[in-house]
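# Per-entry structural report
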Amino acid sequence: MDQSPRRSWAEPFKIKMVEPLKMLTQEERKRALTGAGYNTFLLRSEDVYIDLLTDSGTNAMSDWQWAGMMLGDEAYAGSRNYYNLEEAVARYYGYKYLVPTHQGRGAEHLLSRILIKPGTYVPGNMYFTTTRLHQELAGGTFVDVIVDEAHDPANLNPFKGNVDLNKLETLVKKVGADKIPYLSVAATVNMAGGQPISMANLKEVRKYCRSKGIRMVLDATRAVENAYFIKVREKGYANVSLAKILREMCSYTDAATMSGKKDLLVNIGGFLALNEKDVFEEARNMVVVYEGLHTYGGLAGRDMEAMARGIVEAVSEDHMRARIGQVEYVGEKLIKAGIPIVRPIGGHAVFLDAKVFLPHLKQVSFPAQTLAAELYLESGLRSMERGIVSAGRNKETGDHYYPKLELVRLTFPRRVYTQAHCDVSVETVEAVYQRRSKIKGLKMVYEPKYLRFFQARFEPTR
Ligand code: PM9
């Protein structure tokens, strides 16, 4: 990574197509927010000024990816773009077999149905919403085995995504290795604040799992961002390419689920990648039931081509330095302004610590949901709650889970916003911070059964 000829993290691209943005008046924003039940997922995109809801499917594609879209082979079976994707996954991720899916949860669904039997346990380095739900729907129980530091927003451990081997061992001793179909490792860990897992930890966990005959499945959704953190933070990797680091990470696992909508710079797409032939055969059988034929998995040929090309672009050192550089730029400005955020700054987003931001609100008054609503009211900035609402309910007791982390995520789509947009976002957070003591909480007035954060509705408390 030659940094000398360029200032800071400046983007390694120029813009040749633009999409106009508009900002509603405060009165209009208030109406939009009330109409959306104080849930940023229920806002119309047109009513949003800067959209930091998610980095999922919101990326800007390159001219090379758009050119690839024109080469879409829209055959029902055996599209050439499927073979291009298969080759790219084998080369950059190293898995033998590929099953395309419409997005990440399609892959999670297939894998969970195949490997998880009722009464089994799936340990993981923190839960992710869709991943855990598919595990539970298949009859499994998720068990959190991430290091304690991950639950502490202020802890500066550079690898807060690491698996705690003691926690894993305790589970194995308690339930037996034969009750654990696989260990789920995410890189980076979204719900912990985009925190990476180290190569040393992956290696050590692999050794332990091998000795017990436990499979490892990688959630590779943001694995290239994780590879970047390994490169800049872990001893021995400074001069290793991101592509090589990624291959090494994957080599310690048996399979991967992938939401291509993040690292892979596309608007739709995902896959399940495997090394075990029999599991692959099962997945290929099931994909035709739930997604589409095994050579398209719910995607158009052009979507697969864009994703195959995105795989190549994702490991570009310049791209990743600018991508993470932008997130760090925002995070550092917020730290300077005294705003409480999760540290170290994550890969895909800056996470505001709503418990510290709004200390007068109890967790049952949904501080992160409230803060996300206030950011929208302030300037039309859209963010996402990642706290008690996202955590859902314990299926046994019916009570809310009360996660230690009560966060609001400012998530950066790749190659979409400029430094000036970043500055406006920071100013918005600062303005809400100034008036934080006057902010009142919310109550939930509608709660859907699954993944409630998407569609729940709220009203202000008096
Ligand atoms: N992540 C995100 O905004 C999409 C909406 S929230 C459910 O962060 C991981 C680590 C993810 C992820 C989605 C999925 C599911 C799996 N693993 O959205 O189905 O961050 O493509 O992927 C979202 P799909």
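Here, every reference points to the structure presented above.
These numbers were taken from a predicted model, which means no experiment stands behind them.

This brings us to the overall build of the protein chain. Across its full length, the protein chain carries 16 helices and 14 strands. The globule rule puts the C-alpha radius of gyration for 462 residues at 23 Å, and the 21 Å found for the protein chain is close to it. Seen along its three principal axes, the alpha-carbon backbone of the protein chain occupies a region of about 60 × 55 × 45 Å. Here the protein chain holds 462 residues, and the buried ones make up 60% of them. For the protein chain, contacts bridging at least 24 residues in sequence account for 73% of all contacts bridging at least 6. Accessible area for the protein chain stands at about 19300 Å²; split by element, carbon and sulfur atoms hold 51% of it. Positive and negative side-chain charges of the protein chain, numbering 63 and 54 respectively, have mean locations separated by a distance of 2 Å.

Moving on, we get to the site of the ligand. Taken together, 21 residues are adjacent to the ligand, and Thr54, Arg105, Asp219, Ser259 and Arg409 come closest. Asp219 is positioned such that a nitrogen or oxygen atom in its side chain is 2.7 Å from a nitrogen atom of the ligand. Isolated, the ligand exposes 530 Å² of accessible area, and the fraction of that covered by the protein chains is 97%. Judged by the proximity of its atoms to the pocket grid, the ligand belongs to the second largest pocket. Contributing elements (two or more residues each) for the shell around the ligand: helix H4 (104-115), helix H5 (129-137) and strand E11 (384-386).

For the structure on display, the rule yields three cavities of 30 Å³ or more. As a volume, the largest cavity reaches approximately 100 Å³. If you go around the largest cavity, you meet 13 residues; those closest to its centre are Glu11, Phe13, Ala322, Arg323 and Arg415. Roughly 70 Å³ of volume is contained in the second largest cavity. Of all the secondary structure elements, the ones that give two or more residues to the lining of the second largest cavity are H4, strand E5 (182-186) and strand E6 (215-219). Examining the composition of the lining of the second largest cavity, we find that three residues originate from one element, H4, more than from any other.

Right, let's get into the packing of aromatic side chains. By the definition in use, this model includes 11 aromatic pairs. Summarising the aromatic geometry, the rings of Tyr82 and Tyr83 are spaced 5.0 Å apart at their centres and angled 75° between planes, so their arrangement reads as edge-to-face. Residue Tyr83 is classed as partly exposed on the basis of its relative accessible area, which comes to 43%. Over the aromatic face of Tyr127 sits the side chain of Arg132, whose NZ or CZ is 4.2 Å from the ring centroid. Its guanidinium or amino end placed over the ring of Tyr433, Arg436 lies 3.8 Å from that ring's centre, counting from NZ or CZ.

The next subject is the pattern of salt bridges. Summed over all chains, the structure comprises 23 salt bridges. Between Asp55 and Arg414 there is a salt bridge, and its shortest N-O distance comes to 2.8 Å. Of this pair, Asp55 sits in the loop between strand E1 (50-51) and helix H2 (63-69) while Arg414 sits in the loop between strand E12 (407-411) and helix H16 (419-434), and the two are 359 residues apart along the sequence. Using a relative accessible area of 0% as the deciding quantity, one classes Asp55 as buried. One salt-bridge network, held together by shared partners, links Asp55, Arg222, Glu225, Arg323 and Arg414.

What counts as what
- As a convention, each chain's residues are numbered from 1 in the sequence order in which they are written.
- Local features in this predicted model are restricted to residues of pLDDT 70 or higher, and side-chain atom pairs are both shown and tallied only at a pLDDT of 80 or more, whereas totals for entire chains, interfaces and linings draw on every residue.
- Hydrogens and water molecules were not included; the side-chain quantities draw on all heavy atoms of the structure.
- Numbered from the N terminus, helices here are DSSP runs of H or I no shorter than four residues, and strands are runs of E no shorter than two.
- Radius of gyration: C-alpha atoms only; globule rule: 2.2 Å multiplied by the number of residues to the exponent 0.38.
- The buried label goes to any residue with under 20% of its type's maximum accessible area, the exposed label to any with over 50%, and the partly exposed label to all in between, with areas taken from a 1.4 Å probe on protein chains only.
- In what follows, a contact means two residues having at least one pair of non-hydrogen atoms within 4.5 Å.
- The accessible surface values rely on the Shrake-Rupley method and a 1.4 Å probe; as for residues, cover is taken only from the protein chains in view.
- Neither His nor the chain termini are counted; the positive set is Lys and Arg, and the negative set is Asp and Glu.
- We put the charge of a Lys on NZ, of an Arg on CZ, of an Asp on CG and of a Glu on CD.
- The near set for a molecule or strand comprises every residue that places at least one heavy atom within 4 Å of it.
- Polar contact is the term for a pair of N or O atoms within 3.5 Å; when the atoms are in protein, one must be able to donate a hydrogen and the other to accept it, and sequence-neighboring residues count only if both atoms are side-chain atoms.
- Buried and open spaces are told apart on a 1 Å grid over the protein atoms alone, a cavity being a set of points where a 1.4 Å probe fits but cannot get out and a pocket being an open set with protein on both sides within 12 Å along at least five of seven lines. Residues with an atom within 4 Å of a point are the lining residues.
- Cavities and pockets are treated as containing a molecule whenever more than half of the molecule's atoms lie within 2 Å of their grid points.
- Grid points are joined across faces, edges and corners, and a volume is the space filled by probe spheres set on the points.
- Whether two aromatic rings pair depends on their centres lying within 6.5 Å, for rings of Phe, Tyr and Trp, where Trp uses its six-membered ring; planes under 30 degrees apart make the pair stacked, over 60 edge-to-face, and the rest tilted.
- For a Lys NZ or an Arg CZ to count as sitting over a ring, it must be within 6 Å of the ring centre and within 35 degrees of the ring normal.
- Only one rule defines a salt bridge in this text: a Lys or Arg side-chain nitrogen within 4 Å of an Asp or Glu carboxyl oxygen.

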